[in-house]
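Analysis of the macromolecular model
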Amino acid sequence: MDKPAVAVLFGGRSSEHSISSATAGGVLRAIDRDRFRVVPVGLTRTGAFVLEDDDPDKFALDPDRLPEVLDNGTRILWPEASGVRELRVRRADGAVESLGELDVVLPILHGPHGEDGTIQGFFDTLDLPYAGGGVLDSAICMDKHFMKIVLQAAGVPVAPWVTVRAGQDAAAAAAAAELRLPWFVKPARAGSSVGVSKVHDLGELDDALRVAFAEDDKVLIEEGLVGREVELGVLESRAGAPARVSLPGEIVLTTREFYDFEGKYLGGDGVDVVCPAEMADGDVCALQQMALRAFEAVDGRGLARVDFFLTADGPVVNELNTMPGFTPISMFPKVWIAGGMTYGELITDLVETALARS
């Protein structure tokens, strides 16, 4: 029996292109080649689907050279109709070649045009199975404004915030919402802490807004919460079984203001990752139940990372990520590894869950 063919899709048009590409390096290295046939598909920053090299080292995360998908002249030709599974490539010289039948897509894209429901809708239209979130949960969780509204409606506590657009008086809006300083100013639809700033006083607000509006035309101003920063993973189960929730991992800031891009991916000083987090069994159970409630509230599918602040008044959900950082050093793999699953087994779980839906 032929092995299922998995298209590993990475890169993308968002500011998180390099992180997605670095994730591909880890996935290409760890995916079970005895179980799956792999087709690496890159998405360039300008939106071209190209056949990429099956070379994990090419996409290693290096602080001096962030990996990216370049246009090599090839073009992936997705199936032309629903129910057709043949994947083809047009080479740079114009010759068209079959890559065989495709069984499932593993889209490890982050940000707009990848994690926001757009690529998921494309694959739904083609009737191609894919791993991870669906259209609805991806769209909701990509937009932090609507994510908070949905979580609030489900009774899941979130940080106080106000949403502003360019030209609005952001300081007045924050004051009207009675947000206490410090504030976090962040794009509504970006991830990996891109465009996020911590504002200690009003004199810092204009610069923070400029950075955030460079990423999105909708920006959140959030009240900064005091408490432990803890993250849990959620995985969809098969055959209608309840979703699974991982042990918690904790972000411990020593000298860094917050868990920014450098701290997450480039090994910056001032932050430690403790996994599993040290806490009582009852507290772990309560967090796991709240993570599951949040996942169900957004109609979660595939996977999610649920981020919490543990405040004096109880846990507060900061956000959900439907395609969280997935490099081997990222928190989402770490929390599952802490529970006994390997990185390769985690990838297999995602792919087989998607295959079970098809």
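Residues numbered from 1 in each chain as written. Predicted model: local features only at pLDDT ≥ 70, side-chain atom pairs only at ≥ 80, totals over all residues. Heavy atoms only, no water.

1. Looking at the packing of aromatic side chains
Two numbers describe a pair of aromatic rings. These are the distance of the centres and the angle of the planes. Tallied over the entire structure, the rule returns 10 aromatic pairs. A centroid spacing of 5.5 Å and a plane angle of 90° characterise the contact between F49 and W78, whose relative ring orientation is edge-to-face. Of this pair, F49 sits in strand β3 (residues 49-51) while W78 is found in the loop between β4 (75-77) and β5 (86-90), placing the two residues 29 residues apart along the sequence. Here F49 and W78 have matching classes, each one buried. On the basis of an interplanar angle of 40° and a centroid distance of 5.8 Å, the ring pair of F326 and Y343 is categorised as tilted. Of this pair, F326 sits in the loop between β17 (314-321) and α9 (331-337) while Y343 sits in helix α10 (residues 343-357), placing them 17 residues apart in sequence. Both residues of the pair, F326 and Y343, belong to the buried class. Ring pairing ties together the aromatic residues F49, W78, F122, F123 and Y130, which thus form one cluster. (Phe/Tyr/Trp six-rings, centres within 6.5 Å; stacked < 30°, edge-to-face > 60°. Helix = DSSP H or I, 4+ residues; strand = E, 2+ residues; numbered from the N terminus. Buried < 20%, exposed > 50% of the residue type's maximum accessible area, 1.4 Å probe, protein only.)

2. Structural notes on the pattern of salt bridges
With the rule as written, the count across this model stands at 24 salt bridges. A salt bridge links D217 to R165; its shortest N-O distance comes to 3.3 Å. With D217 in the loop between α6 (205-213) and β11 (218-223) and R165 in strand β8 (residues 161-165), this pair connects stretches of sequence that are 52 residues apart. For D217, a relative accessible area of 44% translates into the label partly exposed. (Salt bridge = Lys/Arg side-chain N within 4 Å of Asp/Glu carboxyl O.)

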